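Remarks on the overall topology
The chain contents come next:
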Protein chains: 4
Amino acid sequence: MKMSKAAVLQEYQKPLQICEFPLNEELQPGEALARVEMAGICGTDVHLWKGELPIPVPVILGHESAGRIAKLGAGLERDWTGQALQEGDRVVWASSIVCGECYYCRIKRTPTRCLKRKAYGISYCSNEAPHLRGGYAEWILLRAGTSIFKLPDNLPFESIVGAGCALNTALHGVERIGLEMGDTVVIQGAGPVGLAALAVAIESGAAKTVVVGGPAHRLQMALEFGADAVVSLEEFPTAAVRLEEVRRHTGEFGADVVLECVGHPSAVPEGFELCRDGGKYLVLGQYANAGNVEFNPHVITKKQLTVMGSWAFEPRHVLGAIQFLARPRWRELFAKQVTHRFSLDQASEALDTVRRLEAGKAVILP
Amino acid sequence: MKMSKAAVLQEYQKPLQICEFPLNEELQPGEALARVEMAGICGTDVHLWKGELPIPVPVILGHESAGRIAKLGAGLERDWTGQALQEGDRVVWASSIVCGECYYCRIKRTPTRCLKRKAYGISYCSNEAPHLRGGYAEWILLRAGTSIFKLPDNLPFESIVGAGCALNTALHGVERIGLEMGDTVVIQGAGPVGLAALAVAIESGAAKTVVVGGPAHRLQMALEFGADAVVSLEEFPTAAVRLEEVRRHTGEFGADVVLECVGHPSAVPEGFELCRDGGKYLVLGQYANAGNVEFNPHVITKKQLTVMGSWAFEPRHVLGAIQFLARPRWRELFAKQVTHRFSLDQASEALDTVRRLEAGKAVILP
Amino acid sequence: MKMSKAAVLQEYQKPLQICEFPLNEELQPGEALARVEMAGICGTDVHLWKGELPIPVPVILGHESAGRIAKLGAGLERDWTGQALQEGDRVVWASSIVCGECYYCRIKRTPTRCLKRKAYGISYCSNEAPHLRGGYAEWILLRAGTSIFKLPDNLPFESIVGAGCALNTALHGVERIGLEMGDTVVIQGAGPVGLAALAVAIESGAAKTVVVGGPAHRLQMALEFGADAVVSLEEFPTAAVRLEEVRRHTGEFGADVVLECVGHPSAVPEGFELCRDGGKYLVLGQYANAGNVEFNPHVITKKQLTVMGSWAFEPRHVLGAIQFLARPRWRELFAKQVTHRFSLDQASEALDTVRRLEAGKAVILP
Amino acid sequence: MKMSKAAVLQEYQKPLQICEFPLNEELQPGEALARVEMAGICGTDVHLWKGELPIPVPVILGHESAGRIAKLGAGLERDWTGQALQEGDRVVWASSIVCGECYYCRIKRTPTRCLKRKAYGISYCSNEAPHLRGGYAEWILLRAGTSIFKLPDNLPFESIVGAGCALNTALHGVERIGLEMGDTVVIQGAGPVGLAALAVAIESGAAKTVVVGGPAHRLQMALEFGADAVVSLEEFPTAAVRLEEVRRHTGEFGADVVLECVGHPSAVPEGFELCRDGGKYLVLGQYANAGNVEFNPHVITKKQLTVMGSWAFEPRHVLGAIQFLARPRWRELFAKQVTHRFSLDQASEALDTVRRLEAGKAVILP
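Residues numbered from 1 in each chain as written. Chains lettered and ligands numbered in written order. Predicted model: local features only at pLDDT ≥ 70, side-chain atom pairs only at ≥ 80, totals over all residues. Heavy atoms only, no water.

1. Section: the domain arrangement of chain A
Residue and element names in this part refer to chain A. Splitting chain A by domain gives domain 1 (3–155 + 326–364) and domain 2 (165–309). Distance between the C-alpha centres of domain 1 and domain 2: 28 Å. Facing the 21 residues of domain 1 at the interface are 20 residues of domain 2. Approximately 1600 Å² of surface area, both sides summed, lies buried where domain 1 meets domain 2, with 61% of it carried by carbon and sulfur atoms. Counting the contacts that link domain 1 with domain 2 gives 2 salt bridges. For Arg327, the salt bridge identified is with Glu203, shortest N-O distance 2.8 Å. In this assembly, domain 1 and domain 2 are joined by 10 residue pairs in polar contact (both at pLDDT 80 or more). (Domains from an automatic or database assignment. Contact = heavy atoms within 4.5 Å. Buried area = accessible area lost by both parts, 1.4 Å probe. Salt bridge = Lys/Arg side-chain N within 4 Å of Asp/Glu carboxyl O. Polar contact = N/O pair within 3.5 Å; in protein donor to acceptor, adjacent residues only side chain to side chain.)

Here it is, written out as structure tokens:
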């Protein structure tokens with residue numbers, strides 16, 4: 001039987017193990033087998049590696065991958081949008097599958113909170129057959145019901161993986177909080193989610209964008225993306241001086257909309273202050289549970305804020321990302337974000353590069 | 001010169017003083033002089049008395065009063081809605097005046113955050129002429145630009161003062177958070193704001209309402225208002241048991257909408273948990289600054305919450321309250337809330353009754 | 001083989017034929033066989049009978065029926081909300097099934113416009129096996145994927161069929177147009193959709209409701225439902241006098257929201273005038289194509305109107321209807337709408353009663 | 001006494017008369033006297049000239065002008081945004097003044113429908129002192145309460161007048177209908193409103209824009225503005241072929257949003273068909289009453305459309321236009337629209353150029 005190599009998280013905070021798993025090519029109806037061509041290392045992978053979210057281990061990491069269809073199970077003839085699908089097609093797929101039947105899927109139309117949601121690279125124990133449910137691998141076996149998207153010919157893997165789940169997440173988050181053309185927008189965080197949120201804000205017609213974050217190479221990238229100003233955490237080391245500096249750019253009352261893409265709890269109360277009264281605040285970066293922070297709820301009342309969380313994304317946001325990347329400017333900028341490339345054997349090293357915030361985007365080419 | 005008695009907050013946490021002020025009957029254009037017939041004691045008055053909000057002292061308290069027009073300044077011929085206004089008319093007035101010209105009034109259309117907003121009974125130092133700018137007084141001198149509303153003949157002072165600024169505040173808050181017919185609604189707090197929010201939720205078609213609060217006499221009132229269930233803080237003394245009890249009523253996933261009407265910071269993180277995922281949370285009770293609380297912002301992301309603050313109200317919400325009280329059921333229930341009546345000389349005692357949570361609603365009849 | 005009687009529309013505008021069809025009790029996975037206990041005659045059935053919508057004939061009419069589960073196909077163990085489902089359960093089902101995969105279902109989240117939508121009693125030719133796809137029949141065979149809802153024990157067939165698809169439709173329509181507590185609402189039409197829209201408007205907190213329509217027995221029913229006023233087409237025979245009469249009730253500027261539930265094209269330009277400037281207009285009654293009408297689009301610009309159409313409903317609105325009918329007042333009023341009962345053999349007579357606008361609601365008890 | 005020349009509409013459809021009016025330099029408090037530097041000829045001026053809207057005559061036309069402050073009345077020290085205002089400042093002003101007190105201003109927050117709204121160049125009879133209330137004049141006397149905006153130094157008169165009231169109108173209209181980043185947008189009409197709507201759609205992140213209109217020189221301008229495609233009325237002379245051509249660009253289901261900027265009633269039913277089901281349609285161009293058209297309201301129900309009107313604009317949209325033109329690309333493109341310049345004496349000729357659709361934008365330099 002054919003085998004597939006994969007990088008497995010066996011134990012939190014220990015190096016990933018390169019393992020081999022049997023590759024069952026007898027597909028069930030609706031399944032697909034894909035050759036992984038590029039797997040992005042997401043910041044969430046670092047949180048998973050640290051053990052900050054409840055997941056099964058061992059697990060093959062990798063939830064933002066793209067590849068080529070190697071085999072299609074019976075009945076799987078079209079991608080999510082209805083385009084014909086064939087072996088050899090370049091594709092990307094939504095990392096999660098939802099049940100479509102639970103309280104959240106059906107009654108409350110909030111499928112991101114599906115009670116049975118499972119995500120490739122996160123929710124599947126690699127000990128259980130068919131094992132190959134993560135992107136840090138040569139092959140991935142996509143379950144029936146996976147939302148698969150054929151990639152346009154002019155959209156390179158670098159762009160779609162460079163944008164990663166960050167762009168899907170940002171599209172969902174900005175859709176929720178609602179950005180109006182002409183808004184002044186502050187983005188907290190210059191990681192992949194921050195830059196994706198910046199791109200979405202610019203494309204939505206923000207009159208001014210300010211990115212608060214670091215390190216320097218990422219702020220440089222923010223400027224290349226089109227940020228009107230950046231505020232460096234190194235140069236402005238306290239919340240008080242950052243508030244002052246942000247207001248220098250936004251006007252004395254603060255931003256219409258603040259997009260939190262940091263992940264550290266302290267960003268949230270700091271961010272409330274960056275909003276003008278009546279402004280909007282998106283809590284987008286707190287995907288992992290990084291613990292408590294003190295805040296004063298009087299601020300929400302007095303500033304009459306609107307605060308929203310946004311969890312992950314739906315398949316239609318993957319389509320949104322593909323359409324977003326149809327614009328040449330963004331297609332190129334997100335591709336350019338891919339600064340580090342690794343082989344599958346170097347998966348641990350790749351993860352480490354992300355953990356140390358060295359990369360624009362690090363990817364594995366399995 | 002004629003004089004007017006008034007109850008003055010001279011020093012925080014000390015009894016109010018009964019003072020006399022000269023009553024200038026020479027009105028400027030647009031001004032109005034009103035004989036106060038009934039002044040409600042608001043929970044905020046207790047916060048002001050404690051010194052929890054930045055205000056000038058001495059101050060004549062009283063921002064939810066009603067009375068009769070004694071004299072109208074030149075040019076003041078109609079009430080806010082355009083009805084003819086005459087001496088002798090029974091009226092209520094919005095407590096605040098906004099500038100209509102600042103960044104928040106004009107550009108951001110958020111007049112509750114007007115940079116020059118001033119409120120009767122709160123923002124005017126009684127040392128400064130014309131002194132009579134609070135409701136705990138025989139007479140009040142209403143500035144030009146005050147939003148005055150003629151009361152319908154069938155609307156007694158007990159109803160409009162019994163509803164007080166709580167109903168205006170609740171109408172604004174529920175308008176902001178948005179309640180859909182059929183929603184399951186939890187109200188945290190059984191004080192005047194909580195009961196008003198309950199009334200608005202019921203009238204908006206909530207399928208189920210649950211009030212979490214105390215003391216017993218107020219929960220009894222909540223049931224009379226039409227709450228489907230009450231959860232007593234005495235009977236359920238911890239956040240964990242309250243969550244369990246609330247879910248017994250709302251279903252296992254929690255409420256569609258939670259309306260915070262408590263004022264204690266700890267209500268907020270507790271309330272986030274009472275929401276279903278994708279639910280909405282209104283921070284309405286944190287009008288005073290009661291300090292910090294710990295919370296986990298990951299909850300906002302993961303539960304995909306919408307959290308909104310709402311500050312005070314606009315004149316149109318006073319009109320909304322008058323229209324709300326046109327419904328006989330609510331007109332009677334809010335009048336029935338007035339459980340304690342005091343003379344002006346007993347103003348301190350009245351305030352104390354509210355501070356000790358003994359009253360439904362306490363009022364002064366000056 | 002067991003047989004089932006059914007009333008079939010063989011030819012437009014001719015009496016329905018009572019036919020017998022073989023009843024295949026060998027269910028496929030996910031299918032259900034139900035004994036129809038009550039089938040409502042919808043106004044749309046009259047339009048179908050007249051040939052005003054493109055449908056296949058012959059067809060077993062009946063898209064608002066309820067009954068008892070007789071047999072469940074493999075794998076069908078729960079209703080749409082997740083409740084356990086068993087033989088003998090009293091149920092109702094959504095009339096339509098959508099594909100969940102097309103442009104409208106997936107990408108635009110507008111499943112009522114699904115490209116492959118099919119409805120019981122409308123879209124299935126009775127010549128084709130398994131024939132029994134309409135409610136005017138002893139038995140109905142529900143396809144896999146049908147949204148089935150178990151009825152609460154205290155909800156009689158009279159209530160759910162008395163409410164019919166009209167309530168589902170009204171819930172969807174009012175959800176789309178958005179009704180705020182305190183709105184003044186005019187309903188054009190006093191048929192089942194009009195009365196259902198009235199009920200939804202009242203329950204949503206409308207401050208005033210005015211129903212324009214006829215005949216007299218239906219306006220009487222509107223008053224029993226709780227309309228504040230009715231305007232009779234007989235008494236006010238022109239658009240001009242109706243406008244005047246409506247404004248007598250709504251105030252000189254017109255209604256905040258007008259809900260069109262008539263079906264005749266002329267209602268629409270008339271209804272635009274019934275709105276205040278900046279008001280909202282729901283085109284709910286134009287389900288059948290009843291042809292053109294003249295209108296002046298300048299009115300939409302000048303009055304700054306919001307006009308919305310709403311087509312049919314989604315399964316969640318059937319759940320909404322069941323929850324709406326949990327309120328005793330509405331459960332009883334909708335049951336009381338059922339004024340005419342017929343046997344299956346009298347199906348043509350039942351349809352005729354509806355065509356002549358004689359019934360509150362006519363039903364068949366097969 | 002100093003005199004000011006002005007171009008007056010004395011009689012519908014007759015040449016404008018150049019008259020002289022006395023220039024009273026004794027300003028009342030809050031008034032301002034401005035030297036008109038540039039006056040745009042709006043398409044609405046042609047409608048007014050034809051007599052299609054109820055206005056007083058004689059009237060000095062001109063509602064989209066800009067100039068320099070010559071004198072400020074007592075108390076007028078700041079512009080609408082709060083910036084200090086001085087003689088010599090380059091300014092633009094909102095054409096209308098609203099009362100701020102009527103049913104629409106106050107209660108329904110729809111100031112564009114103010115019951116007492118008056119607009120420079122439209123609503124003031126030039127026979128009545130102080131006469132100078134229109135922009136086709138050397139001088140204009142701005143009433144107290146006029147919303148005046150200081151122009152940024154880098155914003156030339158050509159840009160702001162080139163954008164004219166069309167940009168304000170488009171900003172208001174698109175704000176109302178709501179455009180989401182990624183929408184496919186069709187604009188009906190290539191006049192100044194159509195091009196402004198195109199600009200706003202592009203800046204709001206439309207994924208694709210298609211302009212349907214003419215003549216050729218305006219479609220060429222649409223392409224320069226950034227339209228993805230244009231559909232010429234000459235090349236595609238029937239609604240049926242235009243529908244086919246538009247769908248070739250938008251995909252088979254039609255546009256997410258269609259912005260009507262034509263003014264001819266027949267555009268509206270044609271436009272409904274250009275929308276996808278569930279799409280949105282803005283009726284923006286029907287400012288003048290150009291009469292009736294036949295339509296089928298079943299289309300609104302069946303396609304589940306959202307149709308909105310939008311009337312004129314509020315002062316905040318003038319600020320929006322100034323901020324929009326802060327983007328160099330749009331500042332230049334709108335300035336470039338000014339293709340024809342006339343002296344005040346040539347006002348009739350200027351109007352005629354617009355009537356014959358020859359101009360990008362024609363302006364008067366008084």
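2. Considering the relation of the copies chain C and chain A
Mapping chain C onto chain A calls for a screw motion: a turn of 180 degrees about the axis and a shift of 0.0 Å along it, with 0.0 Å RMSD after fitting. Interpreted geometrically, this transformation is the action of a two-fold axis. Interface residue correspondence from chain C to chain A reaches 90%, placing this contact among same-surface, isologous pairings. (Least-squares fit on C-alpha atoms with pLDDT ≥ 70 in both.)

3. With respect to the interface of chain C and chain A
The interface is formed by 10 residues belonging to chain C together with 9 residues belonging to chain A. For the chain C and chain A pair, buried surface summed over both sides reaches about 880 Å², with 57% attributable to carbon and sulfur atoms. When the buried area of chain C at its contact with chain A is split by residue, Trp80(C), Arg106(C) and Ile107(C) rank highest and sum to 56% of it. Linking chain C with chain A are 0 salt bridges, by the criterion used here. Counting across the chain C and chain A interface gives 2 residue pairs in polar contact (both at pLDDT 80 or more). If you list the elements that add at least two residues to the side of chain C that touches chain A, you get helix H2 (103–107) and helix H9 (315–324) of chain C. (Helix = DSSP H or I, 4+ residues; strand = E, 2+ residues; numbered from the N terminus.)

4. So, the interface of chain A and chain B
Of the residues lining the interface, 44 residues belong to chain A; the matching set on chain B comes to 44 residues. Taking both partners together, chain A and chain B bury about 4000 Å²; carbon and sulfur atoms supply 55% of that area. Seen at the junction of chain A and chain B, the total is 4 salt bridges. Close ionic contact of Asp277(A) with Arg113(B) constitutes a salt bridge, the shortest N to O distance being 2.8 Å. Among the secondary structure elements, those contributing two or more residues to the side of chain A that touches chain B are helix H2 (103–107), helix H3 (157–177), strand E15 (275–283), strand E16 (293–295), helix H8 (298–302) and strand E17 (306–309) of chain A. Class assignment of the residues belonging to the side of chain A that touches chain B gives a composition of 19 nonpolar, 16 polar and 9 charged. (Nonpolar A, V, L, I, M, F, W, Y, C, P; charged D, E, K, R; others polar.)

5. Here's the deal with the pattern of salt bridges
According to the stated counting rule, one finds 76 salt bridges over all chains in the structure shown. The partner of Glu245(A) in a salt bridge is Arg248(A), and the shortest N-O contact between them spans 3.0 Å. Taken together, the residues Glu245(A) and Arg248(A), both in helix H6 (residues 239–250) and 3 residues apart, mark about one turn of the helix. Arg356(D) serves as the salt-bridge partner of Asp352(D), at 2.7 Å between the closest nitrogen and oxygen. Among the residues examined, Asp352(D) registers a relative accessible area of 24% and is labelled partly exposed. (Buried < 20%, exposed > 50% of the residue type's maximum accessible area, 1.4 Å probe, protein only.)

6. As for the relation of the copies chain A and chain B
Superposing chain A onto chain B takes a rotation of 180 degrees combined with a translation of 0.0 Å along the rotation axis, leaving an RMSD of 0.0 Å. Same-surface contact between copies: 100% of interface residues of chain A are shared with the interface of chain B.

7. So, helix H1 (residues 43–50) of chain B
Within H1(B) the residues assigned to the buried category are Thr44(B), Asp45(B), Val46(B), Leu48(B) and Trp49(B). Those residues of H1(B) that are buried lie in contact with strand E1 (3–9), strand E3 (32–40) and helix H11 (347–355) of chain B.

8. Regarding the packing of aromatic side chains
Under the criterion given, the structure shown has 50 aromatic pairs over all chains. For the ring pair Tyr287(C) and Trp311(C), a centre distance of 4.0 Å and an interplane angle of 10 degrees mean the geometry is stacked. Of this pair, Tyr287(C) sits in the loop between strand E15 (275–283) and strand E16 (293–295) while Trp311(C) sits in the loop between strand E17 (306–309) and H9, and the two are 24 residues apart along the sequence. In this structure, Tyr287(C) and Trp311(C) share a single accessibility class: buried. Three or more aromatic residues joined by ring pairs form one cluster here, namely Phe272(A), Tyr281(A), Phe295(A), Phe272(B), Tyr281(B) and Phe295(B). Over the aromatic face of Tyr124(B) sits the side chain of Arg133(B), whose NZ or CZ is 5.7 Å from the ring centroid. Looking at Arg327(C), its charged tip hangs above the ring of Phe324(C), at a distance of 5.2 Å from the centre. (Phe/Tyr/Trp six-rings, centres within 6.5 Å; stacked < 30°, edge-to-face > 60°. Lys NZ or Arg CZ within 6 Å of the ring centre and 35° of its normal.)

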